[in-house]
Amino acid sequence: MSKAASPQLGIILHGINNIFTVRVENTSYLCRLKGKRLSSEHRRYNALAPGDRVYCVLDLAQHTGMITEAATRNNAFVRWNPKRNAPQTIAANLDLVLVLASVDTPPFRPRFLDAVLVAAEHAGISAGVILNKFDLGPDEAVLERMAVYASLGYQVFGCSAVNGKGISDILEATRDRTVLLVGQSGVGKSTLLNALVPGAEAKIGDLSAKYNRGRHTTRFAAAFDHPESGLIIDSPGIREFSLQLFEASELSYAFPEMREPATHCRFSTCTHSHEPGCQVRAALDAGLIHPDRYESYLRLLDRSCI
Ligand SMILES: Nc1nc2c(ncn2[C@@H]2O[C@H](COP(=O)(O)OP(=O)(O)OP(=O)(O)O)[C@@H](O)[C@H]2O)c(=O)[nH]1
Ligand SMILES: [Mg+2]
Ligand SMILES: [Zn+2]
């Protein structure tokens, strides 16, 4: 009999149709969920994601197992899935979320980046920005936005996943960490993953000639071993990054440049959109907040706040 007697702690690398690849002590097992619900304290319904730690009863000979329980998460990176009208955990127990943009094809979209950075701030996860496709030659406006992110304390990288420029810096910054790559379809997440992790062989898509966008090639999030140590999680392209609903005060807190001025507004309930005596708007007028970041704030306030 090759069954291990007691449940073992493992980490989810990926899951498709409720069959999860779980790593336990350097070996991967194909595991199913025991019943439809987990007996964990949170009773999350079918909501396991790469990076989640789970307890499994293993069949060592068959390399299979049964997930009996999920361990408590340190954090979870969540987006609002408008199609299902429900929150969706993309990955859990992260040290870093890296949001990718490309210089071009698809075009640079700061609203997307800002929404992802807000989600990371809200989840208490460090974040950084990668500008990929540097070989296409970034324009000044995009470089200016990158400098704004750097001034706000985000790690900023420029790279070309096809010619290798900037890859070593990203390898260095991701070593020993569990890192999620997130971005629109076609920005080059899987190409970057393949450049970082030799042998990962993630599928790469071409770009739709008509729309200059990706074709949603990656279908599910999956974790790969960093060549030295750590995990890098590739994820499917997201068209529109929607946030879970939260309070306006939580939103401004997720913009690091608004945190301090927001404490001095005349009204404690200030949404920093129209109220008199708003110190966030004063900071904007004084050039201390970038107008485009403020524009992102207003749009998220409109869509994401109660
Ligand atoms: N010029 C250039 N093209 C790149 C670069 N990185 C990726 N690409 C191209 O961009 C296209 C999309 O790459 P993918 O890696 O599949 O993009 P993705 O972000 O994983 O897309 P989804 O899986 O659909 O979300 C492919 O044609 C890549 O060859 C780069 O640094 N420079
Ligand atoms: Mg991909
Ligand atoms: Zn205000």
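Look a little higher up for the structure.
Because the structure is predicted, anything quoted here is derived from the model rather than measured. (Residues numbered from 1 in each chain as written. Chains lettered and ligands numbered in written order. Predicted model: local features only at pLDDT ≥ 70, side-chain atom pairs only at ≥ 80, totals over all residues. Heavy atoms only, no water.)

1. Looking at helix α2 (residues 140-151)
Filter applied, for reference: Secondary structure counts use DSSP, requiring at least four H or I residues in a row for a helix and at least two E residues in a row for a strand, with both numbered from the N terminus. Take the number of residues in a helix, subtract one, and multiply by 1.5 Å to get its expected span. Note on exposure labels: buried denotes an accessible area under 20% of the residue type's maximum, exposed denotes more than 50%, and partly exposed covers the range between, all computed with a 1.4 Å probe on protein chains only. Each direction from the helix axis to a C-beta atom contributes to the arc, which is the arc of those directions. What makes two residues a contact is simply this: any of their non-hydrogen atoms within 4.5 Å. Under this definition, polar contacts are N or O atom pairs within 3.5 Å; protein pairs additionally need one hydrogen-donor-capable and one acceptor-capable atom, and for neighbouring residues in sequence, both atoms have to be side-chain atoms.
Look at α2: 16 Å from first C-alpha to last across 12 residues, which is about the 16 Å you get at 1.5 Å a residue. All of the buried residues in α2 are Val142, Arg145, Met146, Val148 and Tyr149. Here the buried residues of α2 occupy an arc of 155° about the axis, which is enough to place them on one side. Of the exposed residues in α2, those oriented more than 90 degrees away from the buried face are Glu140 and Ser151. On its buried face, α2 is in contact with α1 (110-123), β9 (126-132), β10 (155-158) and α8 (291-304). Looking at where α2 begins, the residue whose side-chain oxygen comes 3.2 Å from the main-chain nitrogen of Ala141 is Asp139. Positive backbone phi, at 100°, marks Gly153, one or two positions downstream of α2.

2. Here we look at the coordination of the zinc ion (ligand 3)
Put simply, the test is: Any N, O or S atom lying within 2.8 Å of the metal counts as a donor, with the limit raised to 3.2 Å for Na, K and Ca; because water is left out of the atom set, some sites can appear incomplete. A four-donor site is classed as tetrahedral when every donor-metal-donor angle falls between 85 and 135 degrees; four donors are called square planar, and six octahedral, when trans pairs exceed 155 degrees and all remaining angles lie between 65 and 115, with any other arrangement labelled irregular.
Within the protein, the zinc ion (ligand 3) binds to Cys265 (SG), Cys270 (SG), His272 (ND1) and Cys278 (SG); these donor distances fall in the range 2.1 to 2.4 Å. Classification of the site at the zinc ion (ligand 3) rests on its 4 donor atoms, whose angles at the metal span 102 to 115°, yielding the label tetrahedral.

3. A few points about the site of ligand 1
Definition in use: To be near a molecule or strand, a residue needs just one of its heavy atoms within 4 Å of it. In short, Shrake-Rupley with a 1.4 Å probe defines the accessible areas, and a residue's cover is counted only from the protein chains shown. Cavity: a set of points on a 1 Å grid over the protein atoms alone where a 1.4 Å probe fits but cannot get out. Pocket: an open set with protein on both sides within 12 Å along at least five of seven lines, its lining residues, like those of a cavity, having an atom within 4 Å of a point. Whether a molecule sits in a cavity or pocket is decided by its atoms, more than half of which must lie within 2 Å of the grid points. In this classification, the charged set is Asp, Glu, Lys and Arg, the nonpolar set is Ala, Val, Leu, Ile, Met, Phe, Trp, Tyr, Cys and Pro, and all remaining amino acids, among them Gly, are polar.
Near ligand 1 lie 23 residues; those nearest to it are Ser185, Lys189, Thr191, Thr217 and Thr218. Between an oxygen atom of ligand 1 and a side-chain N or O atom of Ser185, the distance comes to 2.6 Å. The separation between an oxygen atom of ligand 1 and a polar main-chain atom of Gly188 is 3.0 Å. Protein contact buries 88% of the 660 Å² of open area that ligand 1 shows by itself. Judged by the proximity of its atoms to the pocket grid, ligand 1 belongs to the second largest pocket. If one sorts the elements of the shell around ligand 1 by residue count, helix α4 (residues 189-196) sits on top with 3 residues. Of the residues belonging to the shell around ligand 1, the class tally is 6 nonpolar, 13 polar and 4 charged.

4. Focus: the layout of surface pockets
Cut-off, in case you're wondering: Grid points are joined across faces, edges and corners, and a volume is the space filled by probe spheres set on the points. The domain limits used here are those given by an automatic or database domain assignment.
If you add up the space inside the largest pocket, you get close to 1300 Å³. As for the largest pocket, its lining consists of 34 residues, and the residues nearest its centre are Arg79, Asn81, Arg84, Gln88 and Arg219. If you tally residues by element for the lining of the largest pocket, the top one is strand β7 (residues 86-92), at 5 residues. Residues belonging to the lining of the largest pocket are distributed by class as follows: 15 nonpolar, 11 polar and 8 charged. Shared between two domains, the lining of the largest pocket holds at least three residues of each, these being domain 1 (8-70) and domain 2 (76-234). Approximately 360 Å³ is the volume found for the second largest pocket. Lining the second largest pocket are 27 residues, and of these Gly186, Val187, Gly188, Thr191 and Gly205 lie nearest its centre. Looking at which element gives the most residues to the lining of the second largest pocket, the answer is α4, with 3 residues.

5. Observations regarding the nonpolar core
As a rule of thumb, soluble globular proteins bury nonpolar side chains together. This is how the line gets drawn: Put simply, a nonpolar core is a bunch of buried Ala, Val, Leu, Ile, Met, Phe, Trp, Tyr and Cys residues held in one set by side-chain atoms that sit within 4.5 Å of each other.
Counting residues in hydrophobic clusters, the biggest one holds 52 residues, and the most contacted among them are Phe77, Val97, Leu180 and Phe241. Mapped onto the domain boundaries, this core takes at least three residues apiece from domain 2 (76-234) and domain 3 (248-304). Residue contacts for Phe241: discarding those within four places in its chain leaves Phe77, Val78, Arg79, Ile90, Phe112, Ala115, Val116 and Ala119. Leu96, Ile130, Leu181 and Ala202 belong to the second-largest nonpolar core, a separate cluster that totals 20 residues.

6. Things to note about the side chain of Ser102
Looking at where Ser102 falls in the secondary structure, it is placed in strand β8 (residues 96-102). Residue class for Ser102 comes out buried when judged on its relative accessible area of 1%. Within polar-contact distance, the side chain of Ser102 engages the backbone oxygen of Pro106 at 3.0 Å. Those residues in contact with Ser102, other than ones at most four positions away along the chain, are Pro107, Phe108, Leu131, Asn132, Lys133 and Val187.

7. Description of the sheet that holds strand β3 (residues 27-33)
For clarity, the threshold we go by: We call two strands paired when DSSP finds no fewer than two bridges between them. To get an axis, fit a line to the C-alpha atoms, keeping to the stretch in contact for a helix; angles then go from 0 to 180 degrees between the N-to-C directions.
Taken together, 5 strands build a closed barrel; the order of strands is β1-β2-β3-β5-β4 and the barrel is mixed. Along the sheet, successive strands turn relative to each other by an average axial angle of 50°, direction set aside.

8. Considering the environment of Gly10
Relative to the assigned elements, Gly10 resides in strand β1 (residues 8-16). Judged by relative accessible area, Gly10 falls into the buried class, the value being 6%. In sequence terms Gly10 and Ser185 are 175 residues apart; their C-alpha atoms lie 30 Å from each other. Those residues in contact with Gly10 that lie beyond four places of it in its chain are Val22, Arg23, Val24, Asp52, Arg53 and Val54.

9. Observations concerning the packing of helix α3 (residues 167-174) against α4
Rules: An angle below 35 degrees is read as roughly parallel, one above 145 as roughly antiparallel, one from 65 to 115 as roughly perpendicular, and any other as oblique.
Contact geometry for α3 and α4: axes closest at 10 Å, N-to-C directions at 80°. The angle between α3 and α4 falls in the class roughly perpendicular. Within the contact between the two elements, α3 uses Ile167, Ile170 and Leu171 and α4 uses Leu192, Ala195 and Leu196. Counted by class, the contact of α3 with α4 contains 6 nonpolar, no polar and no charged residues.

So yeah, pure geometry; function would need other evidence.
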